[in-house]
Every structure is written in structure tokens, then in C-alpha cells.
Amino acid sequence: GCSTTATCAFCAFVGAFISSWYHSTGNILVMTGGDAATKTETAGLYIWYKAFTYLNFGPATAAAWMLAFILIGFTVYQLQILSRVEFKNAGASEKK
């Protein structure tokens, strides 16, 4: 039904969002250095700069924990949604 398609689309969107957010740090660092008045700075890049450039391990650790809790929350929510989805084999014939 429509809700199953919408649920799968939402789960795919959340997964793609988290993946792009996590993996974009390297590309942004190469292209802009995360500079441009920190307008292109991602969470991962912020954590990296705080910890290893400025040696401010406290704020970097706090930001890393916050990011981890957000990602864990998204993951738990997505797993709850996926537990209600019924997967069917496209080639299987149904018996009547």
C-alpha cells in the first residue's frame, strides 16, 4: 500500500541523509578546507578541527557524543519503521 511505499521512501531518505552527512566531510575539506567563514563546515569537520587543530578535546568530545546520540536516535527510529514493513519477493506467485 501507500504507507509501505512511503515508509520505505522515508527510511531510504534518512539513510541517504546520514550517509551523505557522514561522508561529505572529506569532499568539503578538499574543496574548501571547511573555511568560507565556516559556512561549509560539517559536524565531523568541526569535531576534527576542535580536537586536532585547536586541541580543545572537551568541546570536540561533547560534539562527538551529541552526533553519536543523534545518529543512534535516527537508527533506532529507522529500525522501528523497518520492523513493521512486510517484504515480499517480486517473483513469487501467491497461492489462492
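Residues numbered from 1 in each chain as written. Predicted model: local features only at pLDDT ≥ 70, side-chain atom pairs only at ≥ 80, totals over all residues. Heavy atoms only, no water.

For the protein chain, the helix and strand inventory stands at three helices and zero strands. Ordered by position from N to C terminus, the α and β elements of the protein chain give α-α-α. By the burial criterion, 19% of the 96 residues in the protein chain qualify as buried. Across the protein chain, every contact between residues at least 6 apart in sequence was considered, and the portion connecting residues at least 24 apart equals 40%. Looking at the protein chain as shown, the accessible area adds up to about 7400 Å², and 66% of this sits on carbon and sulfur atoms. (Helix = DSSP H or I, 4+ residues; strand = E, 2+ residues; numbered from the N terminus. Buried < 20%, exposed > 50% of the residue type's maximum accessible area, 1.4 Å probe, protein only. Contact = heavy atoms within 4.5 Å. Areas by Shrake-Rupley, 256 points an atom, 1.4 Å probe, with all protein chains shown as cover.)

Another point: the nonpolar core. In terms of nonpolar packing, the biggest core is built from five residues, these being Ile47, Ala51, Ala60, Ala63 and Leu67. Elements supplying a minimum of two residues to this core: helix H2 (43-53) and helix H3 (57-83). Broken down by element, this core gets its largest block of residues, three residues, from H3. (Core = buried A, V, L, I, M, F, W, Y, C linked by side-chain atoms within 4.5 Å.)

Another aspect to go through is the environment of glutamine 78. Topologically, glutamine 78 is positioned in helix H3. Glutamine 78 sits in the buried class, given a relative accessible area of 18%. Each C-alpha atom, one on glutamine 78 and one on phenylalanine 10, is 8.7 Å from the other, the two residues being 68 residues apart in sequence.

Residues of H2 that are buried: Leu45, Ile47, Tyr49 and Ala51. Count one or two residues on from H2 and you reach leucine 55, which has phi positive near 55 degrees.

Another aspect to go through is the packing of aromatic side chains. To describe a pair of aromatic rings, one takes the distance between the centres and the angle between the planes. By the definition in use, this model includes three aromatic pairs. Ring geometry for tryptophan 48 and phenylalanine 52: centres 4.5 Å apart, planes at 50 degrees, overall tilted. One end of the pair, tryptophan 48, and the other, phenylalanine 52, are both in helix H2, four residues apart, so they sit about a helical turn from each other. In this structure tryptophan 48 comes out as partly exposed when scored by relative accessible area, which is 46%. Ring centres 6.4 Å apart and planes at 80 degrees place the aromatic pair phenylalanine 52 and phenylalanine 57 in the edge-to-face group. Among the residues examined, phenylalanine 52 registers a relative accessible area of 52% and is labelled exposed. (Phe/Tyr/Trp six-rings, centres within 6.5 Å; stacked < 30°, edge-to-face > 60°.)

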